[in-house]
Amino acid sequence: MDNVVKTNSLEKIYGTTIKTHALRGINLEIKKGTFNAIIGQSGSGKSTLLNMIGALDKPTRGYIEIDGERTDKMNSRQLSKLRNRKIGFIFQFHYLLPEFSSIENILIPHRIAFSKANKDIVRFANELLDEVNLLNEKDKNITKLSGGQQQRIAIVRALLNKPSIILADEPTGNLDSENTEIIYKLMRNFNKKYGITFIIVTHDRNVAQMTDRIIEIKDGVINMDLLKTA
Amino acid sequence: MKLALEIAWRFLKFSRKQTALIIMGIAVGVTVQVFIGLLMQGLQANIVQSTIGNSAQITVKNAETGKYITQYKDIIEKIKTVDGVKNVSHVLEFPAFLRIDESDYSVFLRGFEFNESNGIYRFDERISSGNIPSEKNELIIGKELAEKLNLNLEDQISLIIPPIVFLPRTFTISGIFDLGNASLNESWILMKDDSLVEIGLKGNVASTIEMQVDEVFSADKIADNVKKEINDDSLAVFDWKSKNAELLSALNGQTISSLLIQIFVLASVSITIASILAVSVMNKYKQVGILKAMGIDNTKTFLIFLFQGLILGLTGAALGIILGVSLLISFELFVKSPSGGPLIAINYDPMFLILSLSIATVSSSLASIIPSRKAAKLDPVEVIKNG
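Values in this document were obtained by computation on a predicted structure and should not be read as measured data.

Caption draft 1: Here's a closer look at the overall build of chain A. The helix and strand inventory of chain A stands at 7 helices and 10 strands. Projected onto the principal axes, the alpha-carbon positions of chain A cover approximately 50 × 40 × 40 Å. Relative to its full complement of 230 residues, chain A shows a buried share of 48%. Taking as baseline every contact in chain A between residues at least 6 positions apart, the subset at least 24 positions apart corresponds to 71%.

Here is the structure:
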């Protein structure tokens, strides 16, 4: 199986006078189509790792390959394109645009790439909305939806461009247990159905245990890498 | 491009009150600019019209005082070929005395070919009673002179014109004119040029050749061209600008002060937009971060805020022009001169309005460049980290 993500001796140091070593040489390979969890305590560096894989942050040393391409060799425009085409993001706080309706929010990543949403993509968006049980809410402004509904919209948005990888940073951190379960099941379902790789950062061990692989980061290094056998 | 425009529009629509306030701010600025600009233009046009509009703007005289221009018809033909010249005509001028009951009143006699000179002086509109002289023994006098000496239409008056003849000659008053200038109305007496030849002046001479120009402020340049065309050192050419330096400097001062006011108003509008959009970037900090995480590039991010400046500028300026023009229409309607007409006639110059719209829109867009660049440079990870 091919690697969708590969990190090579990844290091991240914050600050100039007082230096904080967030990551200390991470070597990690994520296989295509897998469902992974990164766990660790607050400040362990797990979100930093996720942001770097997502080309939102740059490593101090080392490099990352996404689908075999090194991100450190890319300019800002190429990085934007990479984020748009190959990566989907789900955050703890949904980060939807309150100025747009549900369906419009979902279509934004596609429109960033192609400006206009064609019929096929609108149909696909509707299918996804149906799968997350929000087809009836598609024209509602995002502010009129509950937290769980907003997060489901955010998942559909991340999925729309059929990226190679979806990075989720504490996607259920702000939700109750019922919604947590719904969100988890949806992500799992989309992982299987569309073969999209998921990397989920969570501090919730229950969520982590439902994934195929658990990577624990501690003090900026991989402390544990547990691959479940089927 | 289309997405950036749509996002810009949605951002503005979402913050309706703020957007309305900015548009009103720009509109008020443009209203003031349009009002002052057009009012000053109107005022200046009125001053120019009342001062030099119905008089000669370029004159040609013999360089030697008291001498005539001979062969004036040939010279007039030459002058007519100069670009920008109109209403060329000749005049005969003499100091004269009006004798009434053994008393002599000093007057200034002007002999016209009325049809030819009508282009400059608009006699047909300025005869308040009676008619333009049609016979050689007829003349017209000004309103003030008629009142002062209690003269009426059809009255016979005696004139002594020393340069031509010392004996009094009798003429009939065929009309009374009002040139809108009390001193001219009191001192000028006008008759046909033929009448002066009749009483002894030799023919084919003129005291002055007068003309108007299409562009009054280019009178000096046109006067130079007239001089070149005539190519005769015995003749001197004068233009209104060299004779009215004080008026000209007053007009220039007015233009500059009006321009300065307009520039400062637009500058303050631009600064307002720049500062409000800077706040707007802060308000949309999260949205910009998430759009960037979704892959929107720096150029499109820049365009989102530039388009906001453009939409605000264009809408505000258009509203400002409507308000400014409405205000001017009200001004014309309610602020009247003693004669009942508008105190200042406004020329709603479409070019001025288009220019105001363009300048306000461009300056609003320029003002949005700094906040737009700030948005383009925003690091999405900062937004993600800080929530």
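Caption draft 2: Region of the structure containing the interface of chain A and chain B. Taken together, the contacts link 22 residues of chain A with 18 residues of chain B. Looking at the side of chain A that touches chain B, the elements that each hand over two or more residues are helix 2 (76–86) and helix 3 (102–114) of chain A. The element contributing the most residues to the side of chain A that touches chain B is helix 2 of chain A, with 6 residues. A per-class count over the side of chain A that touches chain B returns 11 nonpolar, 5 polar and 6 charged.

Caption draft 3: Structural context of the confidence of the model for chain B. With 100% of its residues at a pLDDT of at least 70, chain B reaches an overall mean of 88. Reported confidences for the modelled complex are a pTM of 0.75 and an ipTM of 0.88.

Caption draft 4: Up close: the pairing of strand 3 (residues 85–100) of chain B. Residue and element names in this part refer to chain B. Alignment of strand 3 against strand 11 (residues 208–213), held across 5 bridges, turns out to be antiparallel. Its bridge partner being in strand 11, V85 is matched across the sheet by V213. In terms of strand pairing, strand 3 meets strand 7 (residues 156–161) through 3 bridges, oriented antiparallel. Of the residues in strand 7, the one forming a bridge with R99 is S158.

Caption draft 5: The arrangement of the sheet that holds strand 8 (residues 197–201) of chain A in detail. Residues and elements named next belong to chain A. Taken together, 6 strands build an open sheet; the order of strands is 6-7-8-3-9-10 and the sheet is mixed. Here the strands that pair on one side only, and so sit at the sheet edges, are strand 6 (87–90) and strand 10 (221–227). Strand-to-strand twist of the sheet, defined as the mean angle between neighbouring strand axes without regard to direction, takes the value 15°.

Caption draft 6: Here's a closer look at the nonpolar core. Formed by 113 residues in total, the largest nonpolar core has its most connected members in I155(A) and I26(B). By residue number, the principal contributor to this core is helix 13 (residues 298–334) of chain B, which donates 11 residues. Setting aside chain neighbours within four positions, we find I155(A) in contact with I90(A), V132(A), I183(A), L186(A) and M187(A). Counting 47 residues, the second largest nonpolar core, distinct from the first, contains A96(B), L159(B), L196(B) and W240(B).

Caption draft 7: Representation of the environment of T299(B) in the model. By secondary structure assignment, the location of T299(B) is in helix 13. With 295 residues separating them in the primary sequence, T299(B) and A4(B) have C-alpha atoms 9.4 Å apart.

Caption draft 8: How the structure looks around the sheet that holds strand 4 (residues 61–66) of chain A. All names here are of chain A. One open sheet accounts for 4 strands, arranged 2-1-4-5; its pairing is antiparallel. The sheet is open, and its two edges are formed by strand 2 (20–31) and strand 5 (69–70), each paired on a single side. With 5 bridges connecting them, strand 1 (residues 3–14) and strand 4 associate as antiparallel partners. Within strand 4, the residue paired with N8 across the bridge is Y63.

Caption draft 9: Spatial organisation of helix 4 (residues 119–131) of chain A. Residues and elements named next belong to chain A. Here helix 4 is 13 residues long and its end C-alpha atoms lie 18 Å apart, about the 18 Å a rise of 1.5 Å per residue gives. Of the positions making up helix 4, those classed as buried are A125, L128 and L129. Projection of helix 4 onto a plane perpendicular to its axis shows the buried side chains occupying an angular sector of 100°, all on one side. Looking at helix 4, the residues exposed on the side facing more than 90 degrees away from the buried face are K119, D120, R123, E127 and D130. The elements touched by buried residues of helix 4 are helix 3 and helix 5 (147–159).

Caption draft 10: The arrangement of the domain arrangement of chain B in detail. Looking at chain B, the domain boundaries give domain 1 (2–51 + 247–386) and domain 2 (64–232). Each of domain 1 of chain B and domain 2 of chain B has a C-alpha centre, and these two points are 53 Å apart.

Caption draft 11: Quick peek at the pairing of strand 4 (residues 103–112) of chain B. All names here are of chain B. Looking at chain direction, strand 3 and strand 4 are connected through 10 bridges and run antiparallel. Directly across from E93, in strand 4, lies its bridge partner R110. Between strand 3 and strand 4, which pair antiparallel and follow one another directly, the connecting turn spans 2 residues, one of which, D101, has a positive phi of 50°. In terms of strand pairing, strand 4 meets strand 9 (residues 188–192) through 5 bridges, oriented parallel. Following the sheet pairing, F112 is matched in strand 9 by K192.

Caption draft 12: Main features of unusual backbone geometry. Residue and element names in this part refer to chain A. For D219, which is not a glycine, the phi torsion comes out positive at approximately 50°. Note on placement: D219 falls in the loop between strand 9 (213–218) and strand 10. Classification of D219 as partly exposed rests on a count of 14 C-beta atoms within 10 Å.

Caption draft 13: Up close: the packing of helix 11 (residues 245–283) of chain B against helix 13 of chain B. Residue and element names in this part refer to chain B. Packing of helix 11 against helix 13 leaves a shortest axis separation of 11 Å and a crossing angle of 135°. In this view, helix 11 runs oblique relative to helix 13, as classed from their interaxial angle. Regarding helix 11 and helix 13, the two cross each other, and that crossing is right-handed. From helix 11, I273, L277, S280 and V281 reach across to helix 13, where they touch F305, Q308, G309, L312 and G313.

Caption draft 14: Broad picture of the confidence of the model for chain A. In this model, chain A carries a mean pLDDT of 89, and residues with pLDDT of at least 70 account for 99%. Model confidence for chain A, summarised as mean pLDDT per element, is weakest for helix 7 (residues 205–209) of chain A at 83 and strongest for strand 4 of chain A at 94.

Caption draft 15: Looking closely at helix 5 of chain A. Residues and elements named next belong to chain A. Taking 1.5 Å of rise per residue, the 13 residues of helix 5 would be expected to cover 18 Å, and the 19 Å separating its terminal C-alpha atoms lies within 8% of that figure. Of all 13 residues in helix 5, 12 are buried, a share of seventy percent or more. Buried residues of helix 5: G148, Q149, Q150, Q151, R152, I153, A154, I155, V156, R157, A158 and L159, and no others. Each element contacted by the buried residues of helix 5 is listed here: strand 6, helix 3, helix 4, strand 7 (165–169) and helix 6 (177–194).

Parameters and conventions
- Residues numbered from 1 in each chain as written.
- Chains lettered and ligands numbered in written order.
- Predicted model: local features only at pLDDT ≥ 70, side-chain atom pairs only at ≥ 80, totals over all residues.
- Helix = DSSP H or I, 4+ residues; strand = E, 2+ residues; numbered from the N terminus.
- Buried ≥ 20, exposed ≤ 12 C-beta atoms within 10 Å, placed from the backbone.
- Contact = placed C-beta atoms within 7 Å.
- Nonpolar A, V, L, I, M, F, W, Y, C, P; charged D, E, K, R; others polar.
- pLDDT = per-residue confidence, 0-100.
- Pairing = 2+ DSSP bridges.
- Axes fitted to C-alpha atoms, helices over the stretch in contact; angles between N-to-C directions.
- Core = buried A, V, L, I, M, F, W, Y, C linked by C-beta atoms within 7 Å.
- Expected span 1.5 Å × (residues − 1).
- Arc of directions from axis to C-beta.
- Domains from an automatic or database assignment.
- Parallel < 35°, antiparallel > 145°, perpendicular 65-115°, else oblique.
- Left-handed = near helix turned anticlockwise from the far one by under 90°.

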